[in-house]
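This is what each chain is made of:
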Amino acid sequence: MFISNLIQKWSGIDKTSKIIIVVDDAQKSMADSIKEEKIYDVQVVRFSKKEEFFSLLKSLKCSDLVMVLLSVDTYMKSGANEYFSAFNKPEWIKAKYIFVRLDISMESFIQGCSTDKKLVYTKIEEMNYFDSNGVINVTNEKGTNISLKINSFNTCSHEITADGGIAFLPPSETSADVISNTANGKIVIDMTAGQLYHFGELIGYFGLVSEPIMLIVQNGIITDILGDDMADELKRKLFSLPLECRKMVELGQGLSKMDPTGLIGVDESIIDSCHFGFGDGWRCGTHWDVVIKNPSIKQIPNS
C-alpha cells in the first residue's frame, strides 16, 4: 500500500482513477509492486508493445493516470523519447501524467516521494529569493568557494493539483542558468561526479567519489581537475572533448530527501546538496553534472 499512497500524495488520484504504467524490463518490478498492492485499478504495459499502450493511453479520462517508468536505455536508444517527455505531457494524453526519474530504484523512489511537500516548496521559495543577474557565492566545508552570475531559478511541476496535470517524480531540482564567463573559483566534489556522455555515447561512468575532487573554474571554464585516480581519468576524458563541454551552464538545488547512489539523476535531486552543470548538451553534445554536500548559497550584495 505504501507506494500507492505516495503516488496518490503527488497526483491526487482517487479510488475511481485508472492507472496505466508504461514500463520496460529494467523497471517492470516496481510497476508490478504497485499493481500487487491492489489499491487502484492498475494495468502494466510494456513500451515495446506500442500498438497496445498507445490506444489504451488515449482512452483514459482526465482523472485517470499515466505513469512512465523506464530506463535510460529505453528512453534514449529505443525511441521512447519520441512518445514521452519528462517535462511536457504528450498532447494525445488527456489523463494525469507522471514521468518517473529514469533508472531510479524503488528505494530512491520511495525515499524521494516521502519527502514532506512543505520542505520541497520551502526550498523552491528559498532559491527564488535570489535576484536574476545577481552574483551568487557557493561554499561548503570541503573547500568549495565559487562565485557566479545566474538567471532566475526555475523548476518543473512535481505535484498534480488538477485533472490532466503533469508531475516529474520524485521532486527533482530547481535550477538557474549560469551567465557565460562569470564563474570563478573552485568546486570540491564531495558526493558525485556524474556520468559523462558525448552525443549519447558513455565516455566515463564515474559516480560517488571516494576522495574529494577539485575543479578549478576560470571565466566559466574548467581549467584544471585535481585529486585522486578518478580525478585524473575525469580530466583526461573531459579535456579530450571540445572546450564548450567544460563551460559552466547551470547551478541547481535538489528537492528530495534521498541517499546518495552514484547515479547523477538521483544524486543531483538530493535536498541537502547542490550541483553544477557543464556543457550545453544540444550544442556540444555533453551536459555533465557534479554534486556537492551541504552547500551555503548566498547572494553577494551589489557594491
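This write-up is about the structure you can find in this document. (Residues numbered from 1 in each chain as written. Predicted model: local features only at pLDDT ≥ 70, side-chain atom pairs only at ≥ 80, totals over all residues. Heavy atoms only, no water.)

Scanning the protein for helices and strands turns up nine helices and 20 strands. What you see for the protein is a C-alpha radius of gyration of 20 Å, in line with the 19 Å of a compact globule of 303 residues. Projected onto its principal axes, the C-alpha coordinates of the protein cover approximately 55 × 40 × 30 Å. For the protein, buried positions account for 52% of its 303 residues. Sequence-distant contacts in the protein: of pairs separated by 6 or more residues, those separated by 24 or more amount to 67%. If you sum the accessible surface of the protein, you get close to 13700 Å²; carbon and sulfur atoms cover 48% of it. Of the charged side chains in the protein, 31 are positive and 40 negative, and the gap between their average positions amounts to 4 Å. (Helix = DSSP H or I, 4+ residues; strand = E, 2+ residues; numbered from the N terminus. Rg over C-alpha atoms; globule rule 2.2 N^0.38 Å. Buried < 20%, exposed > 50% of the residue type's maximum accessible area, 1.4 Å probe, protein only. Contact = heavy atoms within 4.5 Å. Areas by Shrake-Rupley, 256 points an atom, 1.4 Å probe, with all protein chains shown as cover. Lys, Arg positive; Asp, Glu negative; His and termini not counted. Charge placed at Lys NZ, Arg CZ, Asp CG, Glu CD.)

Below, the discussion takes up the sheet that holds strand S5 (residues 135-139). Sheet strands associate in pairs through backbone hydrogen bonding, adopting either a parallel or an antiparallel arrangement. If you walk across this open sheet you meet the six strands as S16-S15-S10-S6-S5-S20, and the pairing is antiparallel. The strands lining the two open edges of the sheet, one partner per strand, are strand S16 (221-226) and strand S20 (296-300). Looking at each pair of strands side by side, their axes are set apart by 30° on average, direction ignored. Bridging between S5 and strand S6 (residues 145-149) involves five bridges; their strand directions are antiparallel. What sits directly across from valine 135, in S6, is lysine 149. Helix H7 (residues 229-238) rests against strand S15 (213-218) and S16 of the sheet, and its axis sits at about 150° to S16. (Pairing = 2+ DSSP bridges. Axes fitted to C-alpha atoms, helices over the stretch in contact; angles between N-to-C directions.)

Here alanine 176 lies in strand S9 (residues 173-177). Take alanine 176: its relative accessible area is 2%, and that puts it in the buried class. Once you skip the residues sitting within four places of it in the chain, alanine 176 turns out to touch Ile150, Asn151, Ser152, Phe153, Val249, Glu250 and Leu251.

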